[in-house]
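Coordinates in review
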Amino acid sequence: QVHLAESGGGLVQAGGSLRLSCAASGRTFSDKTLGWFRQAPEKEREFVAFVTATGGTFHAGSVKGRFTVSRDNAKNTMYLQMNSLKPEDTAVYFCAAYDNSGSGMSARSYNYWGQGTQVTVSS
């Protein structure tokens, strides 16, 4: 009943933009830190960005200046605006939520996960 669902992935050319959404249902997530992670085939899951319950944000160095994470608590939704996309951004993107215990940069801290949405950037 409590779940997260990503949408907005797709195929784009290098330099293009995509906006991912993560819709939560079953309960409010307004009190949780929400994060984005990505995983390329045969690679480790990588932290991308998070937004805290109070709206503070942090972005990984590899995406800083290109990606922007935000949230709309009225819609129980988190977003990831991705600009200036590069082929190395190609991955499955996951959204997740946790109760602010542990590091927001660590996937091990999160206790709710979506199914993921594929982002493919062609050169």
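Residues numbered from 1 in each chain as written. Predicted model: local features only at pLDDT ≥ 70, side-chain atom pairs only at ≥ 80, totals over all residues. Heavy atoms only, no water.

**Focus on the sheet that holds strand 3 (residues 18–25)**
Within the open sheet, the 4 strands sit side by side as 1-3-8-7. Their pairing is antiparallel. A strand with exactly one partner marks an edge of an open sheet, and here the two such strands are strand 1 (3–7) and strand 7 (67–72). If you compare each strand with its neighbour and ignore which way they point, the axes differ by 15° on average. Taken together, the 6 bridges between strand 7 and strand 8 (residues 77–82) define a ladder with antiparallel strand orientation. Across the sheet, the residue bridging to Val69 is Leu80, located in strand 8. (Pairing = 2+ DSSP bridges. Helix = DSSP H or I, 4+ residues; strand = E, 2+ residues; numbered from the N terminus. Axes fitted to C-alpha atoms, helices over the stretch in contact; angles between N-to-C directions.)

**Here we look at unusual backbone geometry**
Comment: phi is negative for the bulk of residues other than glycine, and the bulk of peptide bonds are trans. Unlike most non-glycine residues, Glu42 shows phi in positive territory, near 65°. Topologically, Glu42 is positioned in the loop between strand 4 (33–39) and strand 5 (46–51). By relative accessible area, Glu42 is classed as exposed at 82%. Positioned with a positive phi, Asn76 is a non-glycine residue whose angle comes to about 55°. (Buried < 20%, exposed > 50% of the residue type's maximum accessible area, 1.4 Å probe, protein only.)

**Quick notes on the pattern of salt bridges**
Using the criterion set out here, one finds 4 salt bridges in the structure. Put simply, Arg38 and Glu46 hold a salt bridge, and the shortest N to O gap is 2.9 Å. With a closest N to O distance of 2.8 Å, Arg66 and Asp89 form a salt bridge. Of the two residues, Arg66 sits in the loop between strand 6 (57–59) and strand 7 while Asp89 sits in the loop between strand 8 and strand 9 (91–98), which places them 23 residues apart along the sequence. One connected set of salt bridges, linked through shared partners, spans Arg38, Glu46, Arg66 and Asp89. (Salt bridge = Lys/Arg side-chain N within 4 Å of Asp/Glu carboxyl O.)

**Remarks on the side chain of His59**
Summarising the element assignment, His59 is placed in strand 6. A distance of 3.1 Å separates the side chain of His59 from the backbone nitrogen of Val69, its partner in a polar contact. Aside from chain neighbours lying at most four places away, what touches His59 is Phe47, Val48, Ala49, Lys64, Phe67, Thr68 and Val69. (Polar contact = N/O pair within 3.5 Å; in protein donor to acceptor, adjacent residues only side chain to side chain. Contact = heavy atoms within 4.5 Å.)

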